[in-house]
Amino acid sequence: MIKTAPQLAVMREAGRLLAQVFSMLDGFVAAGRSTLELDSAVEAFIRNELKARPASLGQYDYPFSINTSINEVVCHGMPSAKEILKDGDIINIDITLEKGGFIADSSKMYMIGTVAPKARRLVEMTFEAMWAGIRQVKPGARLGDIGHAIQSHAQANGYSVVREYCGHGIGRQMHEEPQILHFGRPGTGLELREGMVFTIEPMLNQGSSKVRSLKDGWTVVTKDNSLSAQWEHTVAVTADGFEVLTLQPDA
């Protein structure tokens, strides 16, 4: 689970490149585009511009480079030529990138056109919940501290936390130990050490936390069809705190 300084340098570069993908998408995601167009644009940008590999493509036999999760879709939404973004949608775009043998993982919410105030608030509070968790990261802290901070922020604002999916260690493999739960009790769980790298990626629902999977075997939606939102960063534990490896320069 512990990355060396040279390994962290490679992961830092992978994270920097992944942040560039989202900067590209900032000017590309818009009403009228299909989610398959987003996937094609991301794959081309990663391969041709960044000279890197879209790590999700082929992982567990997944056939695309990104996940596109719209409105009530919690996670793992599959791009489609028939799925067209429209005014008022909220969409999470989840992307992984490999460079130099190491993987970075991040996701970001986009609000399309004029979004209802309740949907906008969900997106904003999920962003805040992610950062509440990230701010707990330092040597000596516990995994339960991260989960508790996220859960507390979510519930204080009237949202539920999806429990079936969690963050994870990351490095040469997309999914490594430890698992990073987005709920928990402070002072419990694995103790954080300098050199650990993992994702923090809470999924918050407007209604119940319960979810169900669709017949495609990938797409997960809220059981009550309420809206869901997610944000994600890859985070390293440093000597005195944390470093977000996938942060956009202008964020």
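Cut-offs used in this document
- Residues numbered from 1 in each chain as written.
- Predicted model: local features only at pLDDT ≥ 70, side-chain atom pairs only at ≥ 80, totals over all residues.
- Heavy atoms only, no water.
- Salt bridge = Lys/Arg side-chain N within 4 Å of Asp/Glu carboxyl O.
- Helix = DSSP H or I, 4+ residues; strand = E, 2+ residues; numbered from the N terminus.
- Buried < 20%, exposed > 50% of the residue type's maximum accessible area, 1.4 Å probe, protein only.
- UniProt positions renumbered as here; feature names shortened; annotations may be inferred.
- Contact = heavy atoms within 4.5 Å.
- Polar contact = N/O pair within 3.5 Å; in protein donor to acceptor, adjacent residues only side chain to side chain.
- Disulfide = S-S within 2.5 Å.
- Pairing = 2+ DSSP bridges.
- Phe/Tyr/Trp six-rings, centres within 6.5 Å; stacked < 30°, edge-to-face > 60°.
- Lys NZ or Arg CZ within 6 Å of the ring centre and 35° of its normal.

Engineer: Account for the pattern of salt bridges, naming residues and giving values.
Structural biologist: Evaluation of the coordinates by the stated rule reveals 9 salt bridges. Taking the shortest distance from any N to any O, the salt bridge between Asp26 and Lys108 comes out at 2.8 Å. One end of the pair, Asp26, is in helix 1 (residues 5–26); the other, Lys108, is in strand 5 (residues 102–111), and 82 residues separate them in sequence. Exposure remark for Asp26: the relative accessible area of 35% places this residue in the partly exposed category.

Engineer: How would you sum up the UniProt feature "binding site: substrate" (unreviewed entry) in the protein chain? Please name residues and give values.
Structural biologist: As recorded in UniProt, the sites labelled "binding site: substrate" (unreviewed entry) are His76 and His175. With respect to the secondary-structure elements, His76 resides in the loop between strand 3 (73–75) and strand 4 (90–99). Excluding residues within four positions of it along the chain, His175 makes contact with Gln59, Tyr60, His168 and Gly169. Here Tyr60 takes part through its side chain, which lies 2.8 Å from a polar atom of the side chain of His175.

Engineer: If you had to explain the state of the cysteines to someone new, which residues and values would you point to?
Structural biologist: Simply put, disulfide is the name for a covalent bond between the sulfur atoms of two cysteines. By the definition in use, this model includes 0 disulfides. Cysteine Cys75 shares no disulfide, and the gap to the nearest cysteine sulfur, in Cys166, comes to 11 Å.

Engineer: So what's going on with the UniProt feature "binding site: a divalent metal cation 1" (unreviewed entry) in the protein chain? Residues and values would help.
Structural biologist: Look at the UniProt record and you will see "binding site: a divalent metal cation 1" (unreviewed entry) annotated at Asp94, Asp105 and Glu232. Of the residues just listed, which span 139 residues, no C-alpha pair is farther apart than 8.0 Å, and they cluster in one region. The buried category is assigned to Asp94, whose relative accessible area is 12%. When sequence neighbours within four positions are dropped, the list of residues in contact with Asp94 reads Ile66, Asn67, Asp105, Ser106, Ser107 and Glu232. Mapped onto the elements of the fold, Asp105 is located in strand 5. Among all residues touching Asp105, those that are not within four sequence positions of it are Leu18, Asp94, Ile95, Thr96, His168, Ile170, Thr199, Glu201, Glu232, His233, Thr234 and Thr246. Here His168 takes part through its side chain, which lies 3.3 Å from a polar atom of the side chain of Asp105.

Engineer: Could you give me a rundown of the environment of Asp105, with the residues and numbers involved?
Structural biologist: In this structure Asp105 comes out as buried when scored by relative accessible area, which is 3%. In the structure, Asp105 is positioned 86 residues away from Glu191 in sequence and 22 Å away in space, judged by C-alpha atoms.

Engineer: Describe the sheet that holds strand 10 (residues 203–205), naming the residues involved and giving the relevant values.
Structural biologist: Read across the open sheet, the 3 strands follow the order 6-10-13; overall the sheet is antiparallel. Each end of this open sheet is capped by a strand with a single partner; those strands are strand 6 (160–161) and strand 13 (228–230). Bridge count for strand 6 against strand 10 is 2 bridges, and the pairing is antiparallel. By the bridge assignment, Ser160 is partnered in strand 10 with Asn205.

Engineer: Kindly report on the packing of aromatic side chains, identifying the contributing residues and their values.
Structural biologist: In the structure shown here, the tally under the stated rule is 4 aromatic pairs. Note on Tyr62 and Trp218: the rings are 4.8 Å apart at their centroids and 70° apart in plane angle, and the pair reads as edge-to-face. Taken together, the positions of Tyr62 in the loop between strand 1 (53–54) and strand 2 (66–70) and Trp218 in the loop between strand 11 (211–213) and strand 12 (220–222) put the pair 156 residues apart, joining distant regions of the chain. Each ring, one from Phe127 and one from Trp231, has its centre 4.8 Å from the other, and the planes form 70°; the classification is edge-to-face. Placement of Phe127 in helix 3 (residues 117–134) and of Trp231 in the loop between strand 13 and strand 14 (233–237) is noted, with a sequence separation of 104 residues between them. Taken together through their ring pairs, the aromatic side chains of Tyr62, Phe64 and Trp218 make up a single cluster. Over the ring of Phe28 we find Arg33, and its NZ or CZ is 3.7 Å from the ring centre. Directly above the aromatic system of Phe183 lies the positively charged group of Arg163, at a separation of 4.0 Å from the ring centroid.

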